[in-house]
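Examination of the molecular architecture
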Amino acid sequence: MTAVVIGESLVDLVWRSGGTTIAPIPGGSPANVAVGLHRLERPVRLTSCWGDDPPGVLVRDYLYATGVPIDRTESASGRTTLALAYVDDATGAATYDFLANWDPLLPELPSDATLLHTGSLAIVVEPGADRVVQACRAIRSRPGGAVAVDLNVRPGVQPDRAAYRRAVERIVATADVVKASDEDLAWLYPDRQPVDAARDLLGMGPRLVVTTIGAEGARGLLAGAEVTVAAPLVKVVDTIGAGDAFQAALLAGLLRPREDGTHRVHLPEDRDALEQLLRQAVTAGALACEQAGAQPPTRAQLDAALGVAP
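Here goes a summary of the coordinates provided.

For the bond running from Glu126 to Pro127, omega is 10°, close enough to zero to count as cis. The topology assignment puts Pro127 in the loop between strand 10 (113-119) and helix 3 (128-140). Positive phi, normally seen in glycine, also occurs at Ser120, with a value near 65°. Phi at Asn152 is positive, roughly 45°, even though this residue is not glycine. Owing to a relative accessible area of 13%, Asn152 belongs among the buried residues under this scheme.

A word on the sheet that holds strand 2 (residues 10-16). Pairing is mixed in the open sheet, where 4 strands are placed in the order 3-2-7-8. Looking along the sheet, the strands with just one partner apiece sit at the ends: strand 3 (23-27) and strand 8 (94-99). Ignoring which end each strand starts from, the neighbouring axes of this sheet average 30° apart.

Here the focus is helix 9 (residues 299-306). Within helix 9, the full set of buried residues consists of Arg299, Leu302 and Asp303. Buried residues of helix 9 fall within an arc of 100° about the axis and therefore sit on the same side. Relative to its buried face, helix 9 has exposed residues pointing more than 90 degrees away, namely Ala300 and Ala304. On its buried side, helix 9 packs onto helix 1 (29-39), helix 7 (242-254) and helix 8 (271-289).

Here we come to the environment of Ala34. Along the chain, Ala34 turns up in helix 1. Owing to a relative accessible area of 0%, Ala34 belongs among the buried residues under this scheme. Ala34 sits 150 residues away from Asp184 along the chain, and the two C-alpha atoms are 21 Å apart. Setting aside anything within four residues of it in sequence, one finds Ala34 in contact with Val5, Val44, Leu46 and Val68.

It is worth spelling out the nonpolar core at this point. Among soluble globular proteins, nonpolar side chains are generally buried collectively. Ranked by size, the top nonpolar core spans 47 residues in total, and within it Ile6, Leu151, Ile171, Leu188 and Leu201 carry the most contacts. If we ignore the near neighbours within four places in the chain, the residues touching Leu151 are Ser120, Ile123, Tyr164, Val168, Val172, Val178, Lys179, Ala180, Asp184, Leu188 and Leu201. Residues Leu63, Val68, Ala252 and Leu274 belong to the second largest nonpolar core, which totals 46 residues.

Glancing now at the packing of helix 1 against helix 7. Two elements in contact, helix 1 and helix 7, have axes separated by 8 Å at closest approach and are oriented at 50°. As summarised for this structure, helix 1 and helix 7 are arranged oblique, according to the angle between their axes. Crossing angle aside, the handedness with which helix 1 passes helix 7 is right-handed. Residues Ser29, Asn32, Val33, Gly36 and Leu37 of helix 1 form the contact with helix 7, whose participating residues are Asp244, Gln247, Ala248, Leu251 and Ala252. Partitioning the contact of helix 1 with helix 7 into residue classes produces 5 nonpolar, 4 polar and 1 charged.

This paragraph deals with the pattern of salt bridges. With the rule as written, the count across this model stands at 13 salt bridges. For the salt bridge of Arg279 with Glu275, the shortest nitrogen-to-oxygen distance reads 2.9 Å. Of this pair, Arg279 and Glu275 are both found in helix 8, 4 residues apart, which corresponds to roughly one turn of the helix. Three or more residues are tied together by salt bridges with common partners; here these are Glu126, Asp130 and Arg170.

The geometry of two aromatic rings is summed up by the distance between their centres and the angle between their planes. Inspection of the entire model under this criterion finds 2 aromatic pairs. A ring pair is formed by Trp50 and Tyr64, whose centres lie 6.3 Å apart and whose planes are at 75°; its orientation type is edge-to-face. You can see Trp50 sitting in the loop between strand 4 (44-48) and helix 2 (54-66) and its partner Tyr64 sitting in helix 2, a full 14 residues away along the chain. Take Trp50: its relative accessible area is 2%, and that puts it in the buried class. Ring centres of Tyr164 and Trp187 lie 5.5 Å apart, and the angle between their planes is 70°; on these two criteria the pair is classed as edge-to-face. Note that Tyr164 is positioned in helix 4 (residues 161-172) and Trp187 in helix 5 (residues 182-188), a separation of 23 residues in sequence. Note on accessibility: Tyr164 and Trp187 belong to one class, buried.

Procedures and definitions
- Residues numbered from 1 in each chain as written.
- Predicted model: local features only at pLDDT ≥ 70, side-chain atom pairs only at ≥ 80, totals over all residues.
- Heavy atoms only, no water.
- Helix = DSSP H or I, 4+ residues; strand = E, 2+ residues; numbered from the N terminus.
- Buried < 20%, exposed > 50% of the residue type's maximum accessible area, 1.4 Å probe, protein only.
- Pairing = 2+ DSSP bridges.
- Axes fitted to C-alpha atoms, helices over the stretch in contact; angles between N-to-C directions.
- Arc of directions from axis to C-beta.
- Contact = heavy atoms within 4.5 Å.
- Core = buried A, V, L, I, M, F, W, Y, C linked by side-chain atoms within 4.5 Å.
- Parallel < 35°, antiparallel > 145°, perpendicular 65-115°, else oblique.
- Left-handed = near helix turned anticlockwise from the far one by under 90°.
- Nonpolar A, V, L, I, M, F, W, Y, C, P; charged D, E, K, R; others polar.
- Salt bridge = Lys/Arg side-chain N within 4 Å of Asp/Glu carboxyl O.
- Phe/Tyr/Trp six-rings, centres within 6.5 Å; stacked < 30°, edge-to-face > 60°.

Right, here's the structure in full:
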């Protein structure tokens, strides 16, 4: 069994406050999650598309160097998505503008795939978003199949709040696990407190909704349990990719190894299991904040931070 990640690969053009140069860094939220899962020693394939332009060459060279198995799909436009990331050196926080393109011709899903992760631009930008929804429904119809979605809201690609909300709620209805930041939920549902908006999402069909709350950590909601886990204190270099490292560790915790070497999806069923899962995820996110760019931790780094014996 393998996990499949479907979504954009792009180049972040990082502009730090007070700086006079821009640094191109390959990434993209789904691509970062796939790399993070690979570093955490979970079976994963990335389905993505990029152009043959200079940013696409940077993406290609980076992704193939990570060792992640990749299914590069055809793109009707042949363009690579660019994100201009403004980083505040005082806080490490980043804001984004996008030159977005997401028009993949998705291949058939691997026959052994039972976990699909997607999110960010891939669930909003058409025509790709509609194709991603179809893939989510196909995986969820398989025995033991599960879908995980990271909303990773980017108003720069769809400033119409109502349209963005419709796209989000359509994909949430296909998902078993939904992750969002408190900022995501505050933008989508300005008349609701983030915790109440997360409860509303849980009522749309997922079995687990996780909300990241910045330096305060993360909150997890099950039908019968609610848990908040604090984030460890770290020196923040920047927050680029921190949410993706969090998501990769969350998914790694859901993918349980079997004796035959395969993996199965196992969602937490009580408070203790949920707390353990969230602690692994917030630790991974914190480790990513200590490095510039989207650099998810390895299994050894995460285990050391959690105090797990090698």
